[in-house]
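What follows is the residue order along each chain.
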Amino acid sequence: GAVVSQHPSRVICKSGTSVKIECRSLDFQATTMFWYRQFPKKSLMLMATSNEGSKATYEQGVEKDKFLINHASLTLSTLTVTSAHPEDSSFYICSARGLLGVSSEAFFGQGTRLTVV
Amino acid sequence: KNQVEQSPQSLIILEGKNCTLQCNYTVSPFSNLRWYKQDTGRGPVSLTIMTFSENTKSNGRYTATLDADTKQSSLHITASQLSDSASYICVVSVHMRFGAGTRLTVKP
């Protein structure tokens, strides 16, 4: 199946710094990418949906200035957690969907474990 | 209220037994419904994807059903194995909304 690579898999950063997480579709073009956050023993919570070349659509309650999303190409989307705080510590997962839109399969990255100290 | 409700929240079964997980949704519009398996600390892996017109779809020991009229889906796991222990998540498109998942534990 298609591969979505997420990097880094783990990151530890100091409070107040920014962290960038990359999501790449390795063997297909992803017109839409989704970013999720997952707390321990909880399901994934959709943070935002991004379409290549346009601004991301954020879910209610998600601060767009806090979680900057860039989807500059059909194979790469980035999530930047700005001025990170300990409460931002979480498991972040991206998902990419192909050119067939909603009929396409959505593939997930391996996830990024962010710890803010 | 979550637009995708899954039950049970957790389930423990013995190896070799069958089990059925439920998913009820109110998400609209609807294009397809997906079941994923997620191991702890990993990204979800797709098991099945079903469109509005499909009633059932199988993938090995996994069989998903869909009733678009009642907005209910189920995932049946046959002859469970220890490696089936994971969270099983129902996702309803278009907006890729996730259910809370069912945590399945298979014991020897």
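As the structure is a computational prediction, the values presented were derived from the model and not from experiment. Just so you know, the residues in each chain are numbered from 1, in the order the chain's sequence is written. Lettering of chains starts at A and numbering of ligands starts at 1, both following the order in which they are written. Given that this is a predicted model, residues contribute local features only at a pLDDT of at least 70 and side-chain atom pairs are listed and counted only at 80 or more, while totals for whole chains, interfaces and linings are drawn from all residues. Hydrogens and water molecules were not included; the side-chain quantities draw on all heavy atoms of the structure.

**Student:** Looking at this structure, I do not really get the environment of Ile 12 of chain B. What am I missing?
**Tutor:** Residue and element names in this part refer to chain B. Examined against the element boundaries, Ile 12 turns out to sit in strand E2 (residues 10-14). The rule is simple: take the accessible area with a 1.4 Å probe, protein chains only, and divide by the maximum for that residue type; under 20% is buried, over 50% is exposed, in between is partly exposed. Relative accessible area serves as the criterion here: at 56%, Ile 12 is assigned to the exposed category. In this analysis, two residues are considered to be in contact whenever any of their non-hydrogen atoms come within 4.5 Å of each other. Apart from the residues lying within four places of it in its own chain, the contact partners of Ile 12 are Thr 105 and Lys 107. Every helix listed is a DSSP run of H or I at least four residues long, and every strand listed is a run of E at least two residues long, numbered separately from the N terminus.

**Student:** Would you mind going over the environment of Asp 67 of chain B with me for this structure?
**Tutor:** All names here are of chain B. Considering the arrangement of structural elements, one finds Asp 67 in strand E7 (residues 62-67). Along the chain, Asp 67 and Thr 48 lie 19 residues apart, while their C-alpha atoms are 15 Å from each other. Here Asp 67 is in contact with Tyr 25 and Gln 72, once residues within four sequence places are set aside. Among the polar contacts made by the side chain of Asp 67, one reaches the main-chain amide nitrogen of Asp 69 at a distance of 3.0 Å. For the purposes of these results, a polar contact is taken to be a pair of N or O atoms within 3.5 Å, where, inside protein, one atom must be able to donate a hydrogen and its partner to accept one; residues adjacent in sequence count only when each atom of the pair is a side-chain atom. Of note is the side chain of Asp 67, whose polar atom sits 3.2 Å from the backbone nitrogen of Thr 70.

**Student:** Honestly, the interface of chain B and chain A in this entry has me stumped. Any pointers?
**Tutor:** Where interface size is given, it is often the accessible area lost as the parts come together that is meant. Listed by partner, the interface residues are 20 residues for chain B and 19 residues for chain A. Within this document, salt bridges are pairs made up of a side-chain nitrogen of Lys or Arg and a carboxyl oxygen of Asp or Glu, the two lying within 4 Å of each other. The interface formed by chain B and chain A includes 0 salt bridges. At the boundary of chain B with chain A, the tally comes to 1 residue pair in polar contact (both at pLDDT 80 or more). Where the side of chain B that touches chain A is concerned, the elements lending two or more residues are strand E4 (32-38), strand E5 (45-51) and strand E10 (97-98) of chain B.

**Student:** Before we go on, may I ask you to explain the pairing of strand E2 (residues 10-13) of chain A in this structure?
**Tutor:** Working note: regular strand, side chains alternate between the two faces of the sheet. All names here are of chain A. The side-chain alternation of E2 yields one buried face, formed by Val 11 and Cys 13, and one unburied face, formed by Arg 10 and Ile 12. Alignment of E2 against strand E11 (residues 112-116), held across 4 bridges, turns out to be parallel. Bridge assignment links Cys 13 to a residue of E11, and that residue is Val 116. Should DSSP find at least two bridges between two strands, the strands are taken to pair.

**Student:** Which parts of the structure should I look at to understand the sheet that holds E7 of chain B?
**Tutor:** Hydrogen bonds along the backbone pair up the strands of a sheet, which may run parallel or antiparallel. Residues and elements named next belong to chain B. Spatial strand order, E1-E3-E8-E7-E6: 5 strands in an open sheet with antiparallel pairing. Only two strands of the sheet have a single neighbouring strand rather than two, namely strand E1 (4-7) and strand E6 (56-59). Neighbour to neighbour, the strand axes of the sheet diverge by 15° on average, direction disregarded. Taken together, the 4 bridges between E6 and E7 define a ladder with antiparallel strand orientation. Fitted lines through C-alpha atoms give the axes, limited to the stretch in contact for helices. The angle between two N-to-C directions lies from 0 to 180 degrees.

Such coordinate-based values are descriptive only and should not be taken to indicate function.
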